[in-house]
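One letter stands for each residue in the lines below.
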Amino acid sequence: MASDRASPNDAKYALPVHDPEQQTPLDLELQTKESDYSKRAQWLRAAVLGANDGLVSTASLMIGVGSVKQDIKSMILTGFAGLVAGACSMAIGEFVSVYSQLDIELAKIKRDKQRNDHQNREEGENNGDGEKESLPNPLQAAAASALAFSVGAMMPLLVALFIKDYKVRLGVVVAAVTLALFVFGWLGAVLGKAPPVRSALRVLIGGWVAMAITFGLTKSIGSI
């Protein structure tokens with residue numbers, strides 16, 4: 001006699017479906033927080049990298065000029081000129097880059113609106129306002145880039161400003177830059193979720209190489 005009961009082997013188990021409409025408010029809140037954290041981490045990492053650029057380029061310029069001119073005025077003026085030129089260059093480059101990205105995203109939003117029917121278009125306009133609020137701001141990006149570069153460039157300038165002895169000044173600048181390079185490398189690695197010590201050592205060695213090459217080539221050309 002056949003049994004009317006269903007066998008355990010005949011039981012059907014529903015597979016989990018990741019439906020956005022079935023997500024709980026807690027899930028949506030966690031996703032929003034994770035997205036916000038990711039954006040902040042990217043901004044902070046970009047700021048650290050910008051400060052590192054300012055530090056290495058300005059210190060290299062100061063040490064390069066210091067290889068042929070031992071007076072403090074020449075070194076400080078060179079560092080200041082490098083700070084201004086680098087900050088302006090970073091700001092202009094970031095402004096152009098982010099503005100191009102903004103044009104692309106605005107064009108995409110416009111195409112999405114035109115593809116929907118009237119009701120979806122109304123919803124798209126409401127969503128579009130939120131999208132526009134989250135779009136990149138070229139002026140903000142340019143200012144942040146210039147500020148980060150300037151912060152890094154100020155370090156060797158401030159260190160060398162009150163040291164008159166040539167050899168002591170060079171030594172203190174190199175020591176301060178070494179410490180700052182390691183800290184910037186460590187912060188960039190932590191924000192980028194990379195191995196901190198290894199990344200910090202790469203940044204440190206790269207900075208040393210940049211300063212050594214600038215010092216050596218400038219001294220060689222200056223002695224001709």
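Residues numbered from 1 in each chain as written. Predicted model: local features only at pLDDT ≥ 70, side-chain atom pairs only at ≥ 80, totals over all residues. Heavy atoms only, no water.

A. Fine view of the overall build of the protein. In terms of helices and strands, the protein carries six helices and zero strands. Overall, the protein shows an N-to-C arrangement of helices and strands of α-α-α-α-α-α. Taking all contacts inside the protein whose residues are at least 6 apart in sequence as the whole, residues at least 24 apart take part in 78%. As presented, the protein carries roughly 15300 Å² of accessible surface, and 63% of it is formed by carbon and sulfur atoms. (Helix = DSSP H or I, 4+ residues; strand = E, 2+ residues; numbered from the N terminus. Contact = heavy atoms within 4.5 Å. Areas by Shrake-Rupley, 256 points an atom, 1.4 Å probe, with all protein chains shown as cover.)

B. Representation of the UniProt feature "transmembrane region" (unreviewed entry) in the protein. Under the present numbering, the feature "transmembrane region" (unreviewed entry) in UniProt falls on residues 75–93, 141–163, 170–188 and 200–218. Structurally, residues 170–188 is divided into 100% helix and 0% strand, and its ends, taken at the C-alpha atoms, are 26 Å apart. (UniProt positions renumbered as here; feature names shortened; annotations may be inferred.)

C. Up close: the packing of helix α5 (residues 166–191) against helix α6 (residues 196–222). Between α5 and α6, the shortest axis-to-axis distance is 7 Å and the interhelical angle comes to 140°. When the interaxial angle is binned, α5 and α6 end up oblique. In this structure, the crossing between α5 and α6 has a hand that is right-handed. Between α5, through Val177, Thr178, Leu181, Phe182, Gly185, Trp186, Ala189 and Val190, and α6, the contact on the second element is made entirely by Pro196, Ser199, Ala200, Leu201, Val203, Leu204, Gly207, Trp208 and Met211. Split by residue class, the contact of α5 with α6 holds 13 nonpolar, four polar and no charged. (Axes fitted to C-alpha atoms, helices over the stretch in contact; angles between N-to-C directions. Parallel < 35°, antiparallel > 145°, perpendicular 65-115°, else oblique. Left-handed = near helix turned anticlockwise from the far one by under 90°. Nonpolar A, V, L, I, M, F, W, Y, C, P; charged D, E, K, R; others polar.)

D. Main features of helix α4 (residues 138–160). In this model α4 runs 34 Å from its N-terminal to its C-terminal C-alpha over 23 residues, within 8% of the 33 Å that 1.5 Å per residue would give. At Met154, α4 shows its maximal bend, which comes to roughly 30°, and the proline Pro156 appears one to four places after that position. The N-cap of α4, judged by a side-chain oxygen 3.1 Å from the amide nitrogen of Leu139 a few residues on, is Asn137. (Expected span 1.5 Å × (residues − 1). Bend = angle between axes of the 7 residues up to and from the residue. Polar contact = N/O pair within 3.5 Å; in protein donor to acceptor, adjacent residues only side chain to side chain.)

E. Geometry of α5. Its 26 residues place the ends of α5 37 Å apart at the C-alpha level, agreeing with the 38 Å of an ideal helix rising 1.5 Å per residue. Its side-chain oxygen at 3.4 Å from the backbone nitrogen of Lys167, Asp165 defines the N-terminal cap of α5. Lys193, located one to two residues past α5, shows a positive phi value of around 55°.

F. Representation of the environment of Gly50 within the structure. Within the fold, Gly50 resides in helix α1 (residues 25–66). Put simply, Gly50 and Ala87 are 37 residues apart on the chain and 9.4 Å apart in space, counted from C-alpha to C-alpha. Beyond its immediate sequence surroundings of up to four residues, Gly50 is in contact with Met90, Ala148 and Phe149.

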